[in-house]
Amino acid sequence: YRDDDDINDVASMAGVNLNEESARIMATNSDLVGTQIQSCKDEPFLAAIPLHKRILEMAKKLGITDVPAEVVTFISHATQNRLRTVIEKVTVITQHRMESYKDDEWYEQATDVRSQLKFFEQLERLEKQRKDEQEREILLKAAKSRSRQEDPEQARLKQKAKEMQQQELAQMRQRDANLTALAAIGPRKKRKLDSPGLLTIGGEGLGMSGGSQAGLGNPSSRQYARQKITRVNLRDFIFYMEQERETSHSLLLYRALLK
């Protein structure tokens, strides 16, 4: 069967020696075998000198006097990777918090805490208004009383009623002055936007041709892509620390909860 193998060997029929080709490839790329190629310079994330000093201070407590530079670089990259992971997870938590399900047909609102808080605030406002009215009636009665023998409490109530009347009179005068000033100013008019074909520079209008108008376009139609900003607050970070095993019982979490 050796003759059949020779006939079916395509590389031999083409005159290509695989052993020679493999040796030639290895000889050409011998300097690249076992090496790692990077497209950019390996720069540490943290400052090397302060980090090395801090590592030496911690290592001396364990009896280590020499820390090579590779350890500093490794810790710097580990810190960068850890910080990136934390930011990614906290960003996801913040995005979930900002999601709104009001317009989603598959969700039904069970409770409305905002309306409940507004209702309680309204009750407190009405209660405060009722107490103020009662106090005002008491002060007015004390101010109208003309008894000859007055006790110190009655005199204090009269003085307080007098101060309240003066304060109400001052508020009425201030309100009348504000209304008079607004009437003198007149209704506020919205500023008209410049026409698309007129460019105002230094208070002078410069006419533009049709080609220029087509180049600039209508300011209202010009839209700029705004970068979406995700704002992370302390509550999101506390939720992240509560979910992580390393920080769920840490002192940092308890300090954050106390703020």
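Everything numeric in this text was worked out from a predicted model, so none of it was measured.

Quick look at the side chain of S76 now. Position of S76 relative to the elements: it lies in helix α5 (residues 69–98). Accessibility expressed as a relative area gives 0% for S76, which makes it buried. Other than its neighbours up to four places away in sequence, S76 contacts P44, F45, L46 and L51.

It is the contact of helix α6 (residues 113–144) with helix α7 (residues 152–185), at a shortest axis distance of 8 Å, that shows an interaxial angle of 115°. As judged from the angle between their axes, α6 and α7 are roughly perpendicular. As α6 runs across α7, the sense of the crossing is left-handed. When α6 is examined against α7, the residues E135, R136, L139, L140, A142 and A143 are found in contact with a partner set consisting of Q154, L157, K158, K160, A161, M164, Q165 and E168.

Once that is clear, we can look at the pattern of salt bridges. This structure, assessed with the given rule, holds six salt bridges. The closest approach of N and O atoms between K89 and E244, which form a salt bridge, is 3.1 Å. Here K89 is found in helix α5, whereas its partner E244 is found in the loop between α9 (234–243) and α10 (251–258), with 155 residues between them in sequence. Across the salt bridge formed by D132 and K128, the nearest N and O atoms sit 3.3 Å from each other. Linking D132 with K128, this pair stays in helix α6, spanning four residues, or about one helical turn.

Our next topic: the packing of α5 against α9. Helix-helix packing is described using two parameters, namely the angle between the two axes and the distance between the axes. Axis separation between α5 and α9 bottoms out at 9 Å; the angle between their running directions is 115°. In terms of crossing hand, the pair formed by α5 and α9 is right-handed. For the pair α5 and α9, contact is made by R82, V86, K89, V90, I93, T94 and R97 and by R235, D236, F237, F239 and Y240, respectively. Split by residue class, the contact of α5 with α9 holds six nonpolar, one polar and five charged.

Bringing a nonpolar patch on the surface into the picture now. A contiguous nonpolar patch, built from V113, L117, F119, F120, L123 and L126 and spanning about 590 Å² of accessible area, is present on the exposed surface. Take V113: it is sitting in helix α6.

Here the focus is the packing of aromatic side chains. Throughout the structure, instances matching the rule amount to two aromatic pairs. Plain terms: the ring middles of F237 and Y240 are 6.0 Å apart, the flat faces sit at 40° to each other, and that makes the pair tilted. Within this pair, F237 and its partner Y240 are both found in helix α9, separated by three residues, close to a single helical turn. Overall, the relative accessible area of 3% leaves Y240 in the buried class.

Criteria and thresholds
- Residues numbered from 1 in each chain as written.
- Predicted model: local features only at pLDDT ≥ 70, side-chain atom pairs only at ≥ 80, totals over all residues.
- Heavy atoms only, no water.
- Helix = DSSP H or I, 4+ residues; strand = E, 2+ residues; numbered from the N terminus.
- Buried < 20%, exposed > 50% of the residue type's maximum accessible area, 1.4 Å probe, protein only.
- Contact = heavy atoms within 4.5 Å.
- Axes fitted to C-alpha atoms, helices over the stretch in contact; angles between N-to-C directions.
- Parallel < 35°, antiparallel > 145°, perpendicular 65-115°, else oblique.
- Left-handed = near helix turned anticlockwise from the far one by under 90°.
- Salt bridge = Lys/Arg side-chain N within 4 Å of Asp/Glu carboxyl O.
- Nonpolar A, V, L, I, M, F, W, Y, C, P; charged D, E, K, R; others polar.
- Patch = residues over 30% accessible without salt bridge, like charges linked within 9 Å, V, L, I, M, F, W, Y side chains within 5 Å.
- Areas by Shrake-Rupley, 256 points an atom, 1.4 Å probe, with all protein chains shown as cover.
- Phe/Tyr/Trp six-rings, centres within 6.5 Å; stacked < 30°, edge-to-face > 60°.

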